[in-house]
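Letter by letter, the chains look like this.
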Amino acid sequence: MTGNLYRGQAGLPFSSSLRIYEPLEAFPPEQQRQLVADSSKIRSRAAVENAELQASLGRITRTGGDPFPTGRTDLVRMTRVPGGRHTAADSATDTTAGASPQDKDAHDAGRLLYCPSQLVIRAGLAANALMDGVHSPLADLLIPVSQRDKHQARIDRINAGEEAKRVHTRASTWGIPFSWFSLFAESDRKDVVESDGHILTVRVWTPLTEALDRARFAVAHLALAAPDLDMLDDLTQLTEWLELFHVQSMVELDYGAVADKVYPDESPMDVRLGIECLAEGDMTGAAAAYRRLASRWIPIRQLARAS
């Protein structure tokens, strides 16, 4: 499968992800060995995205009616942050072939952080959300009970170990939740991935400690100024999720293919300004920030209902 699959997203819905990358020592010993082994096979970030998309398309077209990942293999994404200790294991998992000069500079001095895909657990969570939602009658047709039971057995095996305690990836289709933007600022590092005049994705990075401080700031102000706002519940859950991870982790917002529709994007600034305006009682400023967000993202969300 070529890079064209990754670039085109195969006509699938826009999908964006919020990921946590942790240092190796944050994982249990057995998983550490598996992460190093899996990452040594990776050539590039694009190769990971291609492999994940190809595997998902293969699952929905295979015979037998089982759309779930089996867990026999799992993909892992990596990033390197400056200032860490460089080890022999790091050298064995070099993924900077074909990278930009900036990426290679970062690789020369830094430490590897890992984000396992955890597809078995995430597929189970997604299936449960589908079953509990408004499309549950359709879910019964798409996911037979026998296959759900079979997949639950896979999840139970994983839950018996330590690696299931933290799910490193959150995904969203047809738009990015506004609460995610509260974790980031305009000054954060951005990687813009382009090809043939199109933006394939934009990835924004921030240290976990910064993301937590911003989330707590937003929760504190919304709790006082707008306690009935749905975003407050989202941010509270997001904060609790971030608190599960190692203090030296990094948080990545991966826009996915929707970046080509919205970038350059000022959503992190608009969310921050909106929260600050609410805290100051400036309803006009808060409404203006929301209008900017809505004009940017409501057309994207409407695509979910387009024929």
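Model, not experiment: these values are computed from the prediction. (Residues numbered from 1 in each chain as written. Predicted model: local features only at pLDDT ≥ 70, side-chain atom pairs only at ≥ 80, totals over all residues. Heavy atoms only, no water.)

(A) Inspection of the overall build of the protein chain at higher detail. On a plain count of helices and strands, the protein chain comes out with 14 helices and seven strands. For the protein chain, the residues scored as buried account for 45% of the 307 residues in total. For the protein chain, the accessible area works out to roughly 15900 Å², and carbon and sulfur atoms hold 54% of it. (Helix = DSSP H or I, 4+ residues; strand = E, 2+ residues; numbered from the N terminus. Buried < 20%, exposed > 50% of the residue type's maximum accessible area, 1.4 Å probe, protein only. Areas by Shrake-Rupley, 256 points an atom, 1.4 Å probe, with all protein chains shown as cover.)

(B) Inspection of the confidence of the model for the protein chain at higher detail. Per-residue confidence for the protein chain averages 80 on the pLDDT scale, and 67% of its residues sit at or above 70. For residues 84-108, every residue scores under 50 in pLDDT, and the model assigns this stretch 35 contacts once sequence neighbours within four places are set aside. (pLDDT = per-residue confidence, 0-100. Contact = heavy atoms within 4.5 Å.)

(C) Main features of helix α13 (residues 267-279). Here α13 spans 18 Å end to end across 13 residues, near enough to the 18 Å set by a 1.5 Å rise per residue. Among the residues of α13, those classed as buried are Ser 267, Pro 268, Asp 270, Val 271, Gly 274, Ile 275, Cys 277 and Leu 278. (Expected span 1.5 Å × (residues − 1).)

(D) Region of interest: the side chain of Arg 214. In this structure, Arg 214 sits in helix α10 (residues 208-225). Of the polar contacts made by the side chain of Arg 214, one reaches the side chain of Thr 206; its length is 3.1 Å. (Polar contact = N/O pair within 3.5 Å; in protein donor to acceptor, adjacent residues only side chain to side chain.)

(E) View of unusual backbone geometry. Note the cis peptide between Tyr 263 and Pro 264, where omega equals 5°. On the secondary structure map, Pro 264 appears in the loop between α12 (259-262) and α13. Even without being a glycine, Trp 174 presents a positive backbone phi close to 55°. Positionally, Trp 174 belongs in the loop between β4 (169-173) and α9 (178-181). A relative accessible area of 24% places Trp 174 in the partly exposed class. Positive phi, normally seen in glycine, also occurs at Asp 196, with a value near 55°. Along the chain, Asp 196 turns up in the loop between β5 (189-195) and β6 (198-207).

(F) Quick look at the nonpolar core. Grouped together as the largest cluster of nonpolar side chains are 42 residues, with contacts concentrated most on Leu 18, Leu 183, Leu 242, Val 251, Leu 253, Tyr 255 and Trp 297. A total of seven residues in this core trace back to one element, the largest contributor, which is α10. Discounting residues that sit within four places of it in the chain, Val 251 has contacts with Leu 18, Arg 19, Ile 20, Leu 183, Phe 184, Val 204, Trp 205, Thr 206, Leu 208, Ala 211 and Leu 242. One finds Ala 26, Ile 42, Val 76 and Tyr 114 within the second-largest nonpolar core, a separate group that totals nine residues. (Core = buried A, V, L, I, M, F, W, Y, C linked by side-chain atoms within 4.5 Å.)

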